[in-house]
Amino acid sequence: MTSFCVPRIKQLGLKQLALGLSLIGMAWQVSAQTQVSDAWVRATVAGQLSTGAFMTLQADTDSQLLSVQSPVAKIVQIHQMSMQDDVMNMGQVESVPLPAGKPVSLDPNGYHVMLMDLTAQVQEGSKVPLTLVVENAKGEKETINIEAQAKALGTMDHSKMH
Amino acid sequence: MSTLYTRRTVLRGMGLLSLGLLAGCDDSSKLSFKYGKDLSDKIMGRNFKLKDAQGETRMLGSYRGLMPMIFFGFTQCPAVCPTTLARAAQAKKLMGRDGERLQVIFITLDPERDTPQMLDKYVKAFDPSFEALYGTLEETAATAKEFGVFYEKVPSGDTYTLSHTATSYVFESRGNLRLGLSASLTAKECAEDLLTVMEVC
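Here's what I pulled together on the structure shown here. (Residues numbered from 1 in each chain as written. Chains lettered and ligands numbered in written order. Predicted model: local features only at pLDDT ≥ 70, side-chain atom pairs only at ≥ 80, totals over all residues.)

What follows concerns the overall build of chain A. Along chain A, the regular secondary structure elements total two helices and eleven strands. Order of helices (α) and strands (β) in chain A, N terminus to C terminus: α-α-β-β-β-β-β-β-β-β-β-β-β. Split into buried and exposed, the 162 residues of chain A put 31% on the buried side. Put simply, of all contacts in chain A between residues at least 6 apart along the chain, 73% involve residues at least 24 apart. (Helix = DSSP H or I, 4+ residues; strand = E, 2+ residues; numbered from the N terminus. Buried ≥ 20, exposed ≤ 12 C-beta atoms within 10 Å, placed from the backbone. Contact = placed C-beta atoms within 7 Å.)

Below is the structure:
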């Protein structure tokens, strides 16, 4: 695939090249160890201080998601939401286990990334850069840069639409 | 027969309720919902007094004639709050013309950080008819207590998040509490039960 694309890139302008690359990043971020797909951030209204980022992670070997950084937020934390007797419990976690070969969903029903103290409004349709740090069982750290799509504030969580 | 008996009893005693009957209301004390919880025997939410984005005082009586659906949350909530508000907007659409009478009310549990103007923009991003209410810390605590809503601050690094009850409380048009909708239900399930409430009044 890559060798096919290279000659064509020469004919494209920088803008198209950047667009193409960001589209690839959005659809399926491939790296040596961990794949990140369907990354999205919930858009905010002006003045709203925080929001959530969601995605699916799949590691080749037993690993864990250690941290996330983003230029749009001063504080980024990993949280876990759980429901008990219709009470939503929220709390920060140190890491998210990523068992080998198993897709782990960060979605509004469980683990998610909290973008707090936002530096600006997250506009629907914009791209939000995220840097993920994943560590495997050997203690090797991997840094993954992705761009998450900002979706409308009122986006329904599809995993719940049964 | 039982309906007749109810009507006679009510007409004999209580003028107010008979007015309700004339308007086509059914005073059955119990309702059967397919998905939600019947809260007809609970008395909640009768005394709250909060402010809307314009600073106007709002209470349950302010929504007479509408079907208020009250949900508690905060705008820094990434999961259950936006999902529940999006579900409410979808349920309202699924109800068709009847949905026009559904008044979704979002009460902030985080008045220290949720400013009135931002709250208003936040709820209206889901549906322009939605309203957000806020109070002082004391008013917020009193309102939550009245509804039996649990909430607590969870320290999170230099900041905090909130754990809270995620139930939506539905009143019929005369202000009687009828239905509790859990966060686990879908928009379609909610719409069905909301239409059952509308059949009553």
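This brings us to unusual backbone geometry. Positive phi values are uncommon outside glycine, yet Asp38(A) reaches one of about 50°. Residues other than glycine seldom take positive phi values, yet Asp86(A) does so here, at roughly 60°.

Following the sequence through the fold, Leu49(A) ends up in the loop between β2 (34-42) and β3 (51-59). In the structure, Leu49(A) is positioned 66 residues away from Leu115(A) in sequence and 8.6 Å away in space, judged by C-alpha atoms. If we skip the residues at most four places from it in the chain, Leu49(A) touches Met116(A), Asp117(A), Leu118(A), Gln76(B) and Arg113(B).

Take the interface of chain A and chain B next. On the side of chain B, 35 residues touch chain A, which itself brings 34 residues to the contact. Listed by contribution, the elements that provide at least two residues to the side of chain A that touches chain B are β3, β5 (73-84), β6 (87-92) and β9 (111-118) of chain A. Top element by residues in the side of chain A that touches chain B is β6(A). It accounts for six residues. Broken down by class, the residue content of the side of chain A that touches chain B amounts to 15 nonpolar, 15 polar and four charged. Note: β6(A) against strand β8 (residues 159-165) of chain B, two bridges, orientation antiparallel. Within β8(B), the residue paired with Met88(A) across the bridge is His164(B). (Nonpolar A, V, L, I, M, F, W, Y, C, P; charged D, E, K, R; others polar. Pairing = 2+ DSSP bridges.)

For the rest of this paragraph, the subject is the pairing of strand β9 (residues 168-171) of chain B. The side chains of a regular strand alternate between the sheet's two faces. All names here are of chain B. Along β9, one buried face is formed by Ser168 and Val170 and the opposite face, lined by Tyr169 and Phe171, is buried too. In the sheet, strand β4 (residues 67-73) pairs with β9 via three bridges, with the strands oriented antiparallel. Bridged to Phe71 within β9 is Ser168. In terms of strand pairing, β9 meets strand β10 (residues 177-181) through four bridges, oriented antiparallel. Paired with Ser168 across the bridge in β10 is Leu181. Hairpin connection between β9 and β10: a loop of five residues separates the two successive antiparallel strands, and Gly175 in this loop has a positive phi of roughly 95°.

Residue and element names in this part refer to chain B. Along the chain, the position of Thr115 falls in the loop between β5 (102-108) and α4 (116-124). Judged by the 17 C-beta atoms lying within 10 Å of it, Thr115 is partly exposed. The spatial distance from the C-alpha of Thr115 to the C-alpha of Tyr134 is 8.5 Å, given a sequence separation of 19 residues.

Note on placement: Lys188(B) falls in helix α6 (residues 187-200). Separated by 32 residues in sequence, Lys188(B) and Ser156(B) place their C-alpha atoms 35 Å apart.

Residue and element names in this part refer to chain A. Across three bridges, the pairing between strand β4 (residues 63-69) and strand β7 (residues 96-98) is antiparallel. Residue Gln64 lies in a different strand from β7, and its bridge partner there is Pro97. Pairing analysis gives six bridges linking β4 to strand β10 (residues 127-136), with the strands arranged antiparallel. Looking at β10, one finds that Ser63 is bridged to Asn136.

Here the focus is the packing of helix α3 (residues 80-94) of chain B against α6(B). Residue and element names in this part refer to chain B. Following both chains from N to C, one finds α3 and α6 inclined at 55°, their axes separated by 8 Å at the closest point. Classed by the angle they form, the pair α3 and α6 counts as oblique. Handedness of the crossing formed by α3 with α6: right-handed. Here Arg87, Gln90, Ala91 and Leu94 of α3 lie close against α6, whose contacting residues are Ala187, Lys188, Cys190, Ala191 and Leu194. Residues of the contact of α3 with α6, tallied by class, amount to six nonpolar, one polar and two charged. (Axes fitted to C-alpha atoms, helices over the stretch in contact; angles between N-to-C directions. Parallel < 35°, antiparallel > 145°, perpendicular 65-115°, else oblique. Left-handed = near helix turned anticlockwise from the far one by under 90°.)

From the geometry alone we can't say anything about function, so treat these as descriptive.
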